[in-house]
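# Architecture and fold: a report
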Amino acid sequence: MERSAHETAPFQYKDFISTIEGFEDRYRSDIDPHHYFGFPLETALAVERSLLSPNDKSVAYFSMEFGIAPSIYNSFRLTRPMSAKNQFYTHEVFSNYWLCDYLFKVHTDRLLDIPIYGGGLGVLAGDAIKSSADLGYSVVGIGILWNKGYFKQNFWYKHGQVPEELTWDPSTYPGLIPLKNIVTIETKEGFVHLRLWKYYVYSYDLKRACPIILLDSNLPQNQPAFQKLTDQLYRSDDVWWKIYQRMILGIGGAKALESLGYSIDRYHLNEGHAAFALVEKYVHAPDKNLFKAQQDAFAYTCHTPVAAGHDRFSIYDITRILKDEYVYAACVLGKESEYSDQINLTYMCLNCCEKVNAVALKHGEITRLQFPHFASKIQSITNGVHMHTWLSDSFRDLFDKYASTLGDWRMQPENLKRVLDLKSSLPFREDIFEAHQENKRGLVEVLKRWGLKDDVLTIGWARRIAGYKRPALIFHDVKRLVRIAHEIGPLQIVLAGKAHPNDDIGAAHVEEILDHIDQLNEHRKVIKVLILENYDTYFGKLLTSSVDIWLNNPLPPFEASGTSGMKAILNGVIQVTTLDGWVVEAAEDDIGWIFGYHHKGSDIGHEMNLRLREDSSALYDVLDVAAKLYYRTNHQGFVDLQSPWIDKMIHCVGRSAFFNTQRMMQEYNEKMWNL
Ligand SMILES: *Cc1c(COP(=O)(O)O)cnc(C)c1O
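Described in the following lines is the structure provided in the data block. (Residues numbered from 1 in each chain as written. Predicted model: local features only at pLDDT ≥ 70, side-chain atom pairs only at ≥ 80, totals over all residues. Heavy atoms only, no water.)

### A word on the site of the ligand
As a reminder, the rule being used: Definition of nearness: a residue and a molecule or strand are near each other if at least one heavy atom of the residue lies within 4 Å of the molecule or strand. Polar contact criterion, stated in full: a pair of N or O atoms within 3.5 Å, where within protein one must be able to donate a hydrogen and the other to accept it, and residues adjacent in sequence count only if both atoms are side-chain atoms. Here the accessible surface of atoms and residues is derived via Shrake-Rupley with a 1.4 Å probe, and residues count as covered only by protein chains that are part of the display. Secondary structure elements follow DSSP: runs of H or I of four or more residues count as helices, runs of E of two or more count as strands, with numbering from the N terminus. In this count, Pro and Cys sit with the nonpolar residues alongside Ala, Val, Leu, Ile, Met, Phe, Trp and Tyr, while Asp, Glu, Lys and Arg are called charged and the others, Gly among them, polar. Boundaries of every domain are those given by an automatic assignment or by a domain database.
The ligand sits among 13 residues. The nearest are Lys469, Gly562, Thr563, Ser564 and Lys567. The separation between an oxygen atom of the ligand and a polar side-chain atom of Lys469 is 2.8 Å. Note that an oxygen atom of the ligand is positioned 2.9 Å from one of the backbone N or O atoms of Thr563. About the coverage of the ligand: the protein hides 94% of its 400 Å² of free accessible area. Elements represented by at least two residues in the shell around the ligand include exactly helix 5 (120-135) and helix 21 (564-570). Tallied by class, the residues present in the shell around the ligand amount to 3 nonpolar, 6 polar and 4 charged. Split by domain, the residues of the shell around the ligand number at least three in each of domain 1 (55-83 + 112-353) and domain 2 (387-657).

### Points about the sheet that holds strand 10 (residues 209-216)
What counts here: Any two strands with at least two DSSP bridges between them are considered paired. Axis definition: a line fitted to C-alpha atoms, over the contacting stretch in the case of helices. Angles run 0 to 180 degrees between N-to-C directions. A contact between two residues is defined here by any heavy atoms of the two lying within 4.5 Å.
If you trace the 9 strands from one edge of the open sheet to the other, you get 8-9-10-5-3-11-12-15-16, paired in mixed fashion. In this open sheet, the two edge strands, each paired with only one partner strand, are strand 8 (176-187) and strand 16 (378-380). Each adjacent strand pair in this sheet contributes to an overall mean axis angle of 25 degrees, direction not counted. Its contacts with the sheet put helix 5 on strand 3 (59-62), strand 5 (139-144), strand 9 (190-202), strand 10 and strand 11 (266-270), and the angle it makes with strand 10 is roughly 140 degrees. With respect to the sheet, helix 13 (residues 361-370) is in contact with strand 15 (355-358) and strand 16, its orientation differing from that of strand 16 by roughly 165 degrees.

### Looking at unusual backbone geometry
The residue after Pro556, namely Pro557, is reached through a cis peptide bond having omega 0 degrees. Looking at the element boundaries, Pro557 is found in the loop between strand 20 (549-552) and helix 21. You will see that Ala69, though not glycine, has its phi angle at about 55 degrees, which is positive. At Gln636, a residue that is not glycine, the phi angle is positive and equals roughly 45 degrees. Mapped onto the elements, Gln636 comes out in the loop between strand 23 (634-635) and strand 24 (638-639).

Next up, the structure:
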C-alpha cells in the first residue's frame, strides 16, 4: 500500500502544469515549482507518480459528497482576489430571545467550506481521504463539483425551513483547479460532457497528499438541461435527476480514472450512489464471465438501515436514459429479483463487491438481518473522525503539555487512551476542565449577543434533521424541561441542522422546533434555546468542542454509526445518548449517560414508531441527574476537581483513541482492499 520511491521521477512540475486548464491566465501566481497554493508542490507530485505507476497499489474512493472543511483545517492560500461568494455568509439565529434574533446575526469572517457535501456521509468521506493522506496511502477520491452546493437554509417562523439556492465560485476557490481532461457519457438523450477538477487533501504535516477528482457538467458544449446536472447535490424532485447524478458519479468517475491514466487496483464505493461504476466496468469487461472473478477489485460501504437511503430505479426509467448495453448490464448486476422491474443499487453493490462493510458493530448486525442472503460477506468497520480536523486548539495544547504520558499522539491517535493514566492527577484534571472552559468561552463569544454564559450547563444537538434522529425529543414535554431548569439550575440549548429541501417531514420538524423555542420565551431567564441556520463543518466543530453535553437521541437501531459524538468525545464533551450506532462500542466506559429504548433481537422495528413519550421521559430523568452533577462540579466559580464529571470527560478522550479515521482506513486497507 505504501508508495515506492521513484528514482527517475516521471511526473514533474512542467508535466503537472500542462494538465491544468487556463494555467497561464489564472493559476500562475499560486502554483510554482515549489508551491501549490502555499503548500509544498512536491507532495502533490509524489502522489501523482504513485497513482500513475502500475507498480504501486492504488485505490479510487467514490463518494457523492465530500466534506473537506478547509475553513477549519489546512486552508490554502490564494494570491488572486477571491470571489465574495466563497466567503462565509451571515447566519440568522432563531431563539427564545426574540429581540436578539431581530437585531443580530452571526458573522464570522472565514472561507466558505467547499460546498460539495450535505452531511455526515460527506464529512466521513472527507475525513477518510484526510487520514489516507496522513497514512501515505495511494488513494484518489472521486466526486462531483456541485456548482450550487447543497442549499442555503433559512428559518421562517410558522414555515420551518425555507431553502434558497447557494452560489459559489469554483474558479477562485483556493486549492481547486480545473484540468484539461473532459470525459463523455453517451446516453439515449445525447452526450454528457464532464470537466474534471482536482483538489489536493494534504496530510496534517503537509508531507503526503491525496487528490480528489470532481466531475462537472456545467460546460457550454452540453445541452442546457445537462449543464445543470451537477448543480445541486441530491436533487430529487424527479427520478431523472437522480439517475443522471448517479451515472455521472459511477460511469463518469470510472471514465475519469481512465482519462487521467491512473492505475487503480481497488474501487471503493462509499454508499450505493456510485454503483454505476460497476455497470461501466461490466460493459467494458473483455469477458463478461471474468467480471465475476474480479469481484475483489470492488469494495462497498453501506451506511444506513433506513429505507430512503437505498436507491432503486425502475427498468423503465433507466431504459429512457441509458444505452441498451448499459441497461442490460444494470439488469444483470442489480435486478431486485428475477421478475422484478426494479434495479436496486444496494443489491448491485452487494452482488458485485467481494468485500462489504457496515459502519459500526451494531450496524453490521442489522445489515446482515436486512440482507441475509449476503450476510457472510458483510463485515463491520466502525466509522471514525479525522482527529486533526476535529480537535480544538485548547485540547491540542493540553495533549502537547502531557506529551510525556501521551507520546506521539499526532501520528498515533490510539495513544490518546493513555489519558486514563492521568485520571488521578489533579493538575491534569484542572487543565482538562480549563481547556473545555476555553472552548466554551469561544462559543459564548460567537453567540455573545444572545447573552450565553460560560458557567451555565450547555447542551448541544446538531445533525441532519431526519425523523429517526428525533430532533424535537428534548422538547417533548416542555414543562418538565422548564422544571429542571428552575429546580436544579439554568440551561442553555444550542441546536443546528438541515433537512433535505424536498423532505416535507423534515421541514415540519424544523417548524415544530421553532414553535417550541418560541413558546419558551417566557422562561428565557432560566432556559435559553437557540437554533443556528446552515449547520456546516465550521459550526460542527464549534458546537461539538464547546458544549458541556452532546445530546444524541436517534431511535435505535436506525443510526448506523453517527460521528458528531466522536468529535465531541475527542474534545472531552460528555454524551447523553441512546444506545445506538458507535455508542454501543463505547457504552461500558462511562462516557456520560445512556437512556431510552434498547434494541434487541432480530426484529428491526419501524422507523416511524418513534417512542417519543417513553424516551423523552427517560431523557429528562437523565438530564436531572446530569444537571445536578454539573452544578455540584462547577458552582459559582468553584470547580470540584474530584467530581465524577471530570472522570467522564477523561473517559471520553480515552475512548476517542479508537474512533478515528486513521484506524478506520487501516482497517479498510487490511480487511477490504487486501493490498
Ligand atoms: C459531523 C457532522 C455530521 C454528522 O453528524 P452525525 O452525528 O453523524 O449525525 C453532519 N453534518 C456536519 C456538518 C458535521 O460536521
